[in-house]
Amino acid sequence: MLPIDNWLRRFHGAGSVVYYGTASRTVIFPVLTSAFVLMMLVSRGWGGTPQAGPDNQSSLTHMSLEDLGKIEVTSTSKEPVQASQTPAAIYVITQEDIRRSGATSIPEVLRLAPGVEVARIDSNTWSLGVRGFGSSLSRSVLVLIDGRTVYTPLFAGVWWNVQDTMLEDIERIEVIRGPGGTIWGANAVNAVINIITKNAKETRGALVSAGGGVLDQGFLNVRYGGGDGKSFDYRIYGKGFRRGPEFHSDHRQYDDWGMGQGGFRMDWDLPSKDALTLQGDIYKGEAGEQAVITTFTPPFTNVVQDNAQLSGGNLLGRWKRTLSAGSDLQLETYYDRTDRRQSTFGEIRDTFDIDFIHHLTFVRQNFLWGAGARISSGNAIEVVPTTVFTPNHFTEKLYSAFVQDEIAIIEKRLLLTLGSKLLHNNYSGFDVEPSARILWTPVPHHTVWAAVTRAVRTPSRVEEDLQITGFVAPNPLTFLRVVGNRKFRSEELLGYELGYRSLIHPKFYVDIASFYNNYDRLLSGEPGSPFVESSPSPPHIVIPFIFGNGLAGNTSGFEIAPDWTPTSHWRLRGSYSYLHIGLSRNPGSLDASTIRSTDGSSPHHMVTFQSSLDLPQHFEFDQTLRYVSALPAQKVSAYTTADAQFSWHSTRDFDFAVVGQNLLQSHHAEFASAGPLVGIERSAYVKVTWHTGKR
């Protein structure tokens with residue numbers, strides 16, 4: 001779980017991950033206070049009937065909090081369960097939340113979930129962590145799009161700048177804070193983020209949205225959906241955008257970003273109780289980056305500004321058969337291809353995956369079992385001689401099976417869930433991920449739950465096969481070298497969770513989750529004995545560091561997420577997250593700095609406050625305030641910032657929105673780096689949407 005990025009960035013581009021950031025500004029709260037005083041005055045003078053949202057459907061502010069708790073989620077068991085009856089720290093980001101946030105990317109949307117640490121590094125790169133261990137690769141978080149994992153086994157993480165789809169097509173995002181390995185397997189350690197798109201029957205008709213502004217210079221989204229009106233529905237879409245660079249104190253504007261993506265989805269509901277889905281995407285783009293490349297010849301380092309070339313695609317098929325009430329079979333398979341070329345490395349990867357699930361119900365039991373296999377074949381492309389994977393071609397194989405049983409000890413009052421996942425990979429062999437969860441509902445609308453779970457992060461090629469060299473000094477000529485370890489073992493987590501949910505009042509809901517996680521065999525950098533190397537010439541000293549499992553420790557904290565609807569046209573939400581990290585070296589470890597860099601890369605305190613206000617004449621006003629405490633290891637101060645969106649549904653078919661982001665300062669840092677500092681700027685954009693049929 002420890003961000004290997006912290007090691008790679010020491011080499012200023014000899015590694016594959018480059019960070020950027022800048023010092024932040026401190027602000028106070030008068031702007032927010034004034035805004036909410038204004039809204040209180042408006043609400044007291046309100047007249048008339050609350051307006052319905054787009055398509056004459058009830059907007060989120062008009063759904064009762066009890067109805068929101070009944071939203072069905074699938075990430076905890078791969079079967080529909082009401083969110084309020086889930087024995088896990090789950091938060092659901094709905095389509096209405098996404099629309100009213102003004103966000104233009106998936107990482108920005110994830111800021112809405114409590115406990116999720118999202119920091120923008122530059123215009124096209126984010127650091128994301130959950131309950132600690134934030135990094136640009138989100139190594140302890142498993143991310144899925146419609147059940148397709150987007151976790152790369154080369155660097156064990158997620159490339160956020162190629163995870164995209166039309167935000168209007170997302171039905172919901174389910175964020176499970178805490179381990180989810182029993183159901184989802186390897187690398188679902190600190191969280192599972194499951195992005196679920198709409199069934200094609202929910203997107204009939206046409207939709208076109210376009211806009212642009214200061215940083216989001218221009219974007220266009222087009223989608224059309226149709227069907228036979230009975231059992232078959234489809235949609236096709238295309239999108240593209242161009243984003244400018246953030247603030248650079250040295251005026252090197254290199255981090256611009258542009259992407260184009262298209263795709264389709266087809267859904268069949270067959271009379272034989274079968275449901276079929278076939279969907280796919282293809283994308284191509286470029287993302288600006290700056291790296292310092294190390295060579296073995298003078299001047300030994302070279303600053304390069306270039307565009308990473310990003311392309312890929314995927315194809316997914318899913319078949320589900322309903323056997324009887326509460327029992328079904330599901331088979332899902334997908335193919336995914338990525339082609340990534342950066343200034344320091346390149347990779348072409350083909351991944352094949354298949355998963356089978358069988359769901360059975362008995363008198364007081366919900367029983368699930370399943371099995372899966374994933375074959376991922378990657379070719380690492382050597383771009384510079386100081387970053388090498390040996391061998392350059394390798395095929396990862398992951399096989400898994402799981403079983404889970406939900407037992408109603410007291411019907412509708414006390415549920416016990418037991419399960420375990422068995423994994424086998426070609427790095428560390430077999431791993432077992434058991435869990436036990438209990439949910440107690442003593443009275444309606446009040447739920448207490450607890451869980452004990454084991455999860456693992458399996459090794460990746462970067463821990464076993466990477467050799468990366470960075471320049472230290474010219475006289476005597478000295479280099480540092482990080483070397484993979486073929487004996488690297490899976491990192492382990494044993495997590496303890498306790499939560500409480502309550503609909504205290506029809507207009508007030510609160511969700512509280514606490515956790516204590518024990519980690520072992522965490523990644524460390526173990527110093528080796530310096531030696532002299534004569535080839536390549538000239539002769540030079542090499543100081544080696546070998547990846548090991550030398551660290552252990554714990555994290556603890558809690559998240560509070562209240563939700564209040566003081567009136568039928570006004571909804572207030574918020575969250576507070578507290579995190580404490582305590583790491584130490586195992587006996588025999590000589591790691592000198594990983595503990596400090598890891599602890600100081602995640603905020604101890606995060607606060608989010610959201611207001612959604614429906615105004616007369618089909619106007620809406622949304623505000624979000626965010627506070628994030630300091631990141632000492634990143635040299636980033638605490639900051640407070642705010643976003644706002646003012647939108648108007650002028651007719652049934654047209655929407656217009658003006659969005660302001662990071663409004664409280666001209667620019668601020670969210671995540672720093674060893675490279676040039678980048679400031680996240682204040683920005684604004686306008687958006688016009690035309691749609692027919694369903695959104």
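Starting afresh in each chain, residues are numbered from 1 along the sequence in its written order. In keeping with the predicted nature of the model, local features appear solely for residues at pLDDT of at least 70, side-chain atom pairs appear and are counted solely at 80 or more, and the whole-chain, interface and lining totals rest on all residues. Note that the side-chain values use all heavy atoms of the structure and ignore hydrogens as well as water.

K.L.:
So what exactly am I meant to see when it comes to the overall build of the protein here?
P.N.:
Assigned secondary structure in the protein consists of eight helices and 38 strands. Residue burial in the protein is summarised as follows: out of 695 residues, 59% are buried. All accessibility values rest on the Shrake-Rupley procedure with a 1.4 Å probe; residue burial counts only the protein chains present in the view. Summed over its atoms, the accessible surface of the protein is roughly 26000 Å², and 62% of this surface lies on carbon and sulfur atoms. Every helix listed is a DSSP run of H or I at least four residues long, and every strand listed is a run of E at least two residues long, numbered separately from the N terminus. Each residue is placed in one exposure class: buried if its accessible area under a 1.4 Å probe, protein chains only, is under 20% of its type's maximum, exposed if it is over 50%, and partly exposed if it falls in between.

K.L.:
Would you take a moment to explain unusual backbone geometry for this structure?
P.N.:
With the exception of glycine, the majority of residues adopt a negative phi angle, and the majority of peptide bonds are in the trans configuration. The linkage connecting P298 with the following residue, P299, adopts the cis geometry, with an omega of 5°. Mapped onto the fold, P299 is located in the loop between β15 (274-294) and β16 (301-324). The phi torsion at N187 lies on the positive side, around 80°, for a residue other than glycine. Position of N187 among the secondary structure elements: in the loop between α6 (181-184) and β9 (191-197). The backbone of K412 shows a phi angle near 65°, a positive value even though the residue is not glycine.

K.L.:
Looking at this structure, I do not really get empty space enclosed by the protein. What am I missing?
P.N.:
Over the atoms, a rolled probe matching the size of one water molecule traces out where space is still vacant. Grid spacing is 1 Å over the protein atoms alone, the probe is 1.4 Å, and a cavity is where that probe fits but cannot get out, while a pocket is an open set with protein on both sides within 12 Å along at least five of seven lines and lining residues have an atom within 4 Å of a point. Grid points are joined across faces, edges and corners, and a volume is the space filled by probe spheres set on the points. One pass over the structure, following the stated rule, counts 12 cavities of 30 Å³ or more. The computed volume of the largest cavity comes to approximately 580 Å³. If you list the elements that add at least two residues to the lining of the largest cavity, you get α4 (95-101), α5 (106-110), β11 (216-227), β12 (232-243), β14 (257-269), β34 (639-648), β35 (654-661) and β38 (683-691). The class makeup of the residues in the lining of the largest cavity is 16 nonpolar, 14 polar and 12 charged. Note that Gly is not counted as nonpolar here; it falls among the polar residues with everything else outside the nonpolar set of Ala, Val, Leu, Ile, Met, Phe, Trp, Tyr, Cys and Pro and the charged set of Asp, Glu, Lys and Arg.

K.L.:
Help me understand the pattern of salt bridges, please; the structure alone is not making it clear to me.
P.N.:
Pairing between side chains of opposite charge can happen when their charged atoms approach one another. Whenever a carboxyl oxygen of Asp or Glu lies within 4 Å of a side-chain nitrogen of Lys or Arg, that contact is scored as a salt bridge. Tallied over the entire structure, the rule returns 44 salt bridges. Here E491 ties to R457 by a salt bridge, and the two come within 2.8 Å at their closest N and O atoms. Pair noted here: E491 is in strand β27 (residues 491-505) and R457 is in strand β24 (residues 446-457), with a separation of 34 residues, a long-range link. Residue E491 shares its accessibility class with R457, and that shared class is buried. Bridged by salt links that share partners, the residues E96, R99, R100, D614, E620 and D622 form one connected network.

K.L.:
Quick question: what am I supposed to make of the side chain of T441 here?
P.N.:
Residue position: T441 is located in strand β23 (residues 429-443). Residues are treated as being in contact if the distance between any of their heavy atoms lies within 4.5 Å. Setting aside residues no more than four positions away along its own chain, T441 makes contact with Q85, K412, R413, H446 and T447.

K.L.:
Sorry if this is basic, but what is going on with the pairing of β27 here?
P.N.:
Along any regular strand, the residues point their side chains to alternate faces of the sheet. In terms of strand pairing, β24 meets β27 through 12 bridges, oriented antiparallel. Residue pairing in the sheet places T453 in a bridge with G495 of β27. Note that β27 and strand β28 (residues 508-527) share 12 bridges and pair antiparallel. Bridge assignment links L493 to a residue of β28, and that residue is Y519. We treat two strands as partners when DSSP finds at least two bridges between them. If you look at the hairpin formed by β27 and β28, you'll find two residues sitting between the two strands.

K.L.:
Can you walk me through the sheet that holds strand β7 (residues 148-149) in this structure?
P.N.:
Across a sheet, strands are paired by hydrogen bonds formed along the backbone, either parallel or antiparallel in direction. As summarised here, the arrangement of the five strands in space is β3-β8-β9-β6-β7, forming an open sheet in which the pairing is mixed. For this open sheet the edge positions go to β3 (89-94) and β7, each flanked by a neighbour on one side alone. For strand β6 (residues 141-145) and β7, the ladder comprises two bridges, and the chain directions are antiparallel. Within the sheet, the bridge partner assigned to I145 lies in β7 and is R148.

K.L.:
Even after reading the chapter, I still don't get a nonpolar patch on the surface, so can you show me in this structure?
P.N.:
There is a patch of nonpolar side chains on the surface, built from F646, W648, F654, F656, V658, V686, V688 and W690 and spanning about 650 Å² of accessible area. Positionally, W690 belongs in strand β38. What goes into a patch is any residue over 30% in relative accessible area without a salt bridge, connected to like charges within 9 Å or, for nonpolar side chains (Val, Leu, Ile, Met, Phe, Trp, Tyr), within 5 Å.

K.L.:
Could you clarify how one ought to interpret the packing of aromatic side chains in this entry?
P.N.:
Each aromatic ring pair is summarised here by two numbers: the centre-to-centre distance and the angle between the ring planes. Note on aromatic contacts: the rings of Phe and Tyr and the six-membered ring of Trp form a pair at centre separations within 6.5 Å, being stacked when their planes are under 30 degrees apart, edge-to-face when over 60 apart, and tilted otherwise. Per the stated rule, a full pass over the model turns up 22 aromatic pairs. Ring geometry for F296 versus F479: centroids 5.2 Å apart, planes at 55°, classification tilted. Pair noted here: F296 is in the loop between β15 and β16 and F479 is in strand β26 (residues 477-483), with a separation of 183 residues, a long-range link. Accessibility expressed as a relative area gives 0% for F479, which makes it buried. An aromatic cluster is built from F155, W159, F345 and F389, whose rings are joined through pairwise contacts.

K.L.:
Looking at this model, I keep getting lost on the pairing of β26. Mind explaining?
P.N.:
Extensive coverage of β26 is indicated by the burial of five of its seven residues. In this sheet, β26 lies alongside strand β25 (residues 466-474) in antiparallel orientation, the contact comprising seven bridges. By the bridge assignment for β26, Q467 is matched with V483. From the end of β25 to the start of β26, which pair antiparallel, there are two residues. Pairing analysis gives six bridges linking β26 to strand β30 (residues 540-567), with the strands arranged parallel. Each bridged residue has a counterpart across the sheet, and for V483 the counterpart in β30 is I546.

Keep in mind that these numbers describe shape and distance, not what the molecule does.
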